[in-house]
Amino acid sequence: MEIKEGTHLYDLLEKYSSGDEHLGKSLVTLQGKINNSEIYVPFLGVQGAGKSTLINSLLGEDILPNEADETTCIPVEVRYGDLDSTTVYFKDGKSTEITTDKNAIAEFVDNKYNPGNEKGITRIVLKRNYDILKTGLIIVDLPGVGSLTHENEETTVSYIQNRPAAVFLFSTTPPILKKDAAFIKNIWRGVNNAFFVQNVWTDNSDSEVKEGMEHNKNILTYIAGEIGAVFDGKIIPVNVYNAAYGRFHNDAAKISESKVKVLEAELANFALHYNEESAKTFRARVLQALDFVQDDIEARLEQSTMSYEDVMDKLNETKQEYEEKNEEIRKIARHIDDTIYENKKIVKDFAKDIAEKKTNLLRTEMYELIKKGIVDGEKLDTAFADYQRKHEEEVCDETFELLTDLSKTIQEDYDKLFINLEPTEAIIDEGMVLNKKEKYKWEKWMKGILALGADVGSVFAAVGIGSAAAEAIAAGAAAGAAAGTAAGPIGWAIGAAAGISISLLGLGVATIAKKTVTKKRGEETKAELEPYLNKYQQRIETVVKKYSDQYFDTINSNVKQFIGSMKKTLDSIKDEISELRRSGQKMQYSENELKEDLAYIKKWRIDNE
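Residues numbered from 1 in each chain as written. Predicted model: local features only at pLDDT ≥ 70, side-chain atom pairs only at ≥ 80, totals over all residues. Heavy atoms only, no water.

Caption draft 1: Geometry of the packing of helix α10 (residues 260-272) against helix α11 (residues 274-304). Where α10 meets α11, the closest approach of the two axes is 5 Å, and the angle between their N-to-C directions is 95°. What the angle tells us is that α10 and α11 run roughly perpendicular. When α10 is examined against α11, the residues Asn 269, Phe 270, Ala 271 and Leu 272 are found in contact with a partner set consisting of Tyr 274, Glu 277 and Ser 278. Looking at the contact of α10 with α11, its residues break down into 4 nonpolar, 2 polar and 1 charged. (Axes fitted to C-alpha atoms, helices over the stretch in contact; angles between N-to-C directions. Helix = DSSP H or I, 4+ residues; strand = E, 2+ residues; numbered from the N terminus. Parallel < 35°, antiparallel > 145°, perpendicular 65-115°, else oblique. Contact = heavy atoms within 4.5 Å. Nonpolar A, V, L, I, M, F, W, Y, C, P; charged D, E, K, R; others polar.)

Caption draft 2: Broad picture of the sheet that holds strand β4 (residues 95-98). As summarised here, the arrangement of the 9 strands in space is β4-β3-β5-β2-β6-β1-β7-β8-β9, forming an open sheet in which the pairing is mixed. Edge positions in the sheet fall to β4 and β9 (236-238), since each of these pairs with one other strand and no more. Within this sheet the neighbouring strands show an average axis-to-axis angle of 25°, counted without direction. When strand β7 (residues 165-171) meets strand β8 (residues 193-199), the two strands line up parallel, connected through 7 bridges. Bridge pairing links Phe 170 to Gln 198 in β8. Contacts between helix α4 (residues 102-109) and the sheet are confined to β2 (76-80), β3 (85-90), β4 and β5 (121-128), with β5 contributing the most and set at about 160° to the helix. (Pairing = 2+ DSSP bridges.)

Caption draft 3: Fine view of helix α3 (residues 51-59). For α3, a buried count of 9 out of 9 residues is recorded, marking the element as mostly surrounded by other parts of the structure. What α3 keeps buried is the set Lys 51, Ser 52, Thr 53, Leu 54, Ile 55, Asn 56, Ser 57, Leu 58 and Leu 59. Downstream of α3 by a residue or two, Gly 60 has a phi angle that is positive, lying close to 85°. (Buried < 20%, exposed > 50% of the residue type's maximum accessible area, 1.4 Å probe, protein only.)

Caption draft 4: Structural view of the pairing of β5. Both β2 and β5 contribute to a ladder of 5 bridges, which runs parallel. Its bridge partner lying in β5, Arg 79 is registered against Lys 127.

Caption draft 5: Main features of the side chain of Thr 359. When you line up the elements, Thr 359 lands in helix α12 (residues 308-371). Beyond its immediate stretch of four places on either side in the chain, Thr 359 contacts Leu 533, Tyr 536 and Gln 537.

Caption draft 6: Geometry of helix α2 (residues 23-31). For α2, the full list of buried residues reads Leu 23, Gly 24, Ser 26, Leu 27, Leu 30 and Gln 31. Viewed along the axis of α2, the buried residues span an arc of 165°, placing them on a single side of the element. Taken together, the buried residues of α2 touch α1 (8-15), α7 (206-227) and α11. (Arc of directions from axis to C-beta.)

Caption draft 7: Up close: the pattern of salt bridges. A full pass over the atoms with the stated rule returns 27 salt bridges. For Glu 77, the salt bridge identified is with Arg 79, shortest N-O distance 3.5 Å. Considered together, Glu 77 and Arg 79 belong to a single accessibility category, that of buried residues. Residues Glu 77 and Arg 123 are paired through a salt bridge, measuring 3.1 Å at the closest nitrogen-oxygen approach. Pair noted here: Glu 77 is in strand β2 and Arg 123 is in strand β5, with a separation of 46 residues, a long-range link. Accessibility expressed as a relative area gives 1% for Glu 77, which makes it buried. Through salt bridges that share partners, Lys 357, Lys 358, Glu 394 and Glu 398 make up one connected network. (Salt bridge = Lys/Arg side-chain N within 4 Å of Asp/Glu carboxyl O.)

Structure (structure tokens):
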């Protein structure tokens, strides 16, 4: 089965393509990837979904950086090699060898060290002796969808254009959202084979996993229908954390429980039967595209039996229906906007109050330690960091509870958006519906708060008071020796005895000195502690407000996108009515032309099956 530009079939596929799909052109591009000599499989997903961790678990080594807020600003290819090596390739054609080490690689792929790819790197290639790569598979870690820099998304889209397959990773909660769906659609239309993996967090309940799976299947089915792709409903659930833990700690139970071996088997089978699998998928994709075109032609032929007036009445009826829906949606959107405005004010007060409350508790806990005589050293540092983490976890929980409560009213409005909408109209947008059971993931902003502990360092370890007694004894001995020396040897001996007495007396003096020094050092420690407490309080308030605002802004943005998609549909109906009035023709193509095109497609299918 072959598609060529300039043939009648190619022209028909282009003729009945909708929007920017270009079925003929897309199939020709896919056809060219069937016999690629190298089997590149990029891993794609939302930033922070766990792509790098998943790849590490497949490789069996913690080699790709995955700790930073924004990793992988450039493609990292992992391919088979008898000898380990890591090569960095630059845009100017140069390359350099670096240590095959996670930290060394992070210097190039972490956006913190290479913002916006200012180092001008095109890719990094790791050659490793991994079993999974022996079949010719080349695994690629790419920037995440919705990552912090526009350059990263551009890198992902441009890199994937010439690749035959892709692995899409998404979460259980939240499931595939509208922006994710648009990205998947854009990439999926350009690859023959797609694998879908749903990351199952350890704290996800069975019902959450099931609901997320069903939702994601619906979204992917809809996308497949839009782009003429083949989707058999298979989504592989993998607990990425357990997979990585199992691999790195040689825990067979965790590995089995994680289901990572299912994905590994799928990829291995694909690589072993690459050409056969690609050709099979391409054939199915061609037939699905022809189904789409055939359905479109038959629908147009059915319309040809209607009079001009009937067509106009139908269009006006649809237009009125959409206008009513639009007005209702706008009212709901205004209410959501007002609710979000009020919620932001509530969060602002909450952020200030909780930051002050937790900082006061931290201050009290630290003062209690200082009161007990722990005024410096590693023990005080450790306690300070531990107390901070404890309060940060409490902040996370309390903020989540607040947002859950505040989201209830918004959820009700969200539900109203989909009243009377056909499933096919709403299915992509349903990704933005708040999941009432969703456990909002706060890991990223928690890292921001936890960084405060790093700021403390060892500020309390600078002075030690344990030497006070030794200093007092030394002072007594020195005084006795000095007194005895002046009277000669006998005098020295007497002086030595006196020195012992003085040194023993010094122990008593040392005890008093230690209490005095401890008290003085305690006051100094409290003074040193205050700037860190102030910073801690400001940080909590800033982080809670910033990321809560971001949470609400995302909701607002999704609502606006929903309104925009409805308006776009309404505008297209209005344009169709205007064109019908202008031309007086109810059809773009004649009835005979449609019948000829339909007959050609049916014959082509028979000849090629």
